[in-house]
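Residue-level listing of the chains:
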Amino acid sequence: ADIAITNLSLNPKGRLVVTIANIGKSPLPLGAGYLRIFLDGQLKKSYTLKRLSDRPFLPSKESISFTTSLSITGRHEIHAHIDTGQEIRELNKENNDLKRILEGPPIGPDIMVKDLTLTEDLELSIILSNAGAVDLRKGVTLQIRIFVNGRKISEFEHFTSDTLKANS
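Throughout what follows, the structure given in this document is the object of discussion.

1. Re the packing of aromatic side chains
Summed over the entire model, instances satisfying the criterion amount to 1 aromatic pair. For the ring pair tyrosine 47 and phenylalanine 66, a centre distance of 5.0 Å and an interplane angle of 75° mean the geometry is edge-to-face. Residue tyrosine 47 is located in strand β5 (residues 42–48), and its partner phenylalanine 66 is located in strand β7 (residues 63–71); the two are separated by 19 residues in the primary sequence. A relative accessible area of 2% places tyrosine 47 in the buried class.

See the structure below:
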């Protein structure tokens, strides 16, 4: 038997999908062993192989796709690893790992102060930008605090009357 991780992808809802294939010549028992998922180098999820399918064996030359419970937002390095334990004698353990950079749905807007100016009437004008990948919809209330030399001199809420487009 020989198990291999052949693909890592995201479904339309941003959930990680792992495709595993039996590339050996004999059926692969799915009882023992684990599929471990690492996100940016840290272990996030671990699944027993028997949880990946309702079948006890994965026939030779067949594959299964397993939708994990891990939702990915933003860009991350995903590393999937299968540990089959001692019960399964594999031809090649080198194909038990797969790493990919995957990009899920954007995290959201990223509002920054782009510039501060004084008007002719000496009123402070604050120019905001959205460096994020998602529009900031109109009707959002922003909490704004003004500090001068480290001392807070003003705090107010600002209601956005227009959409602040992504990357603008």
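2. Focus: the pairing of strand β2 (residues 15–22)
Among the 8 residues of β2, 7 are classified as buried, and the element is accordingly described as predominantly covered. Two elements, strand β1 (residues 3–10) and β2, share 7 bridges in a ladder whose sense is antiparallel. Within the sheet, the bridge partner assigned to isoleucine 5 lies in β2 and is isoleucine 20. Between the end of β1 and the start of β2, which pair antiparallel, lie 4 residues, with glycine 14 showing a positive phi angle near 85°. Both β2 and β7 contribute to a ladder of 6 bridges, which runs antiparallel. Considered in β7, the bridge of isoleucine 20 is made with isoleucine 64.

3. Some points on the nonpolar core
The biggest cluster of nonpolar side chains holds 24 residues, and the ones touching the most others in it are Leu8, Leu35 and Ile37. Of all the secondary structure elements, the ones that give two or more residues to this core are β1, β2, β4 (34–39), β7, β8 (75–83) and β9 (97–103). In contact with leucine 8, not counting residues within four places along its chain, are Leu16, Val17, Val18, Ile78, Ala80, Leu98, Arg100 and Leu102. In terms of nonpolar packing, the next biggest core, distinct from the first, is built from 6 residues, Leu136, Val140, Leu142 and Ile146 among them.

4. Section: the sheet that holds β1
Reading across from one edge, β1-β2-β7 is the order of the 3 strands in this open sheet, with antiparallel pairing throughout. Both edges of this open sheet fall to β1 and β7, since each of them pairs with a single strand only. The mean inter-strand angle of the sheet, taken between neighbouring strand axes irrespective of direction, is 25°.

Analysis parameters
- Residues numbered from 1 in each chain as written.
- Predicted model: local features only at pLDDT ≥ 70, side-chain atom pairs only at ≥ 80, totals over all residues.
- Heavy atoms only, no water.
- Phe/Tyr/Trp six-rings, centres within 6.5 Å; stacked < 30°, edge-to-face > 60°.
- Helix = DSSP H or I, 4+ residues; strand = E, 2+ residues; numbered from the N terminus.
- Buried < 20%, exposed > 50% of the residue type's maximum accessible area, 1.4 Å probe, protein only.
- Pairing = 2+ DSSP bridges.
- Core = buried A, V, L, I, M, F, W, Y, C linked by side-chain atoms within 4.5 Å.
- Contact = heavy atoms within 4.5 Å.
- Axes fitted to C-alpha atoms, helices over the stretch in contact; angles between N-to-C directions.

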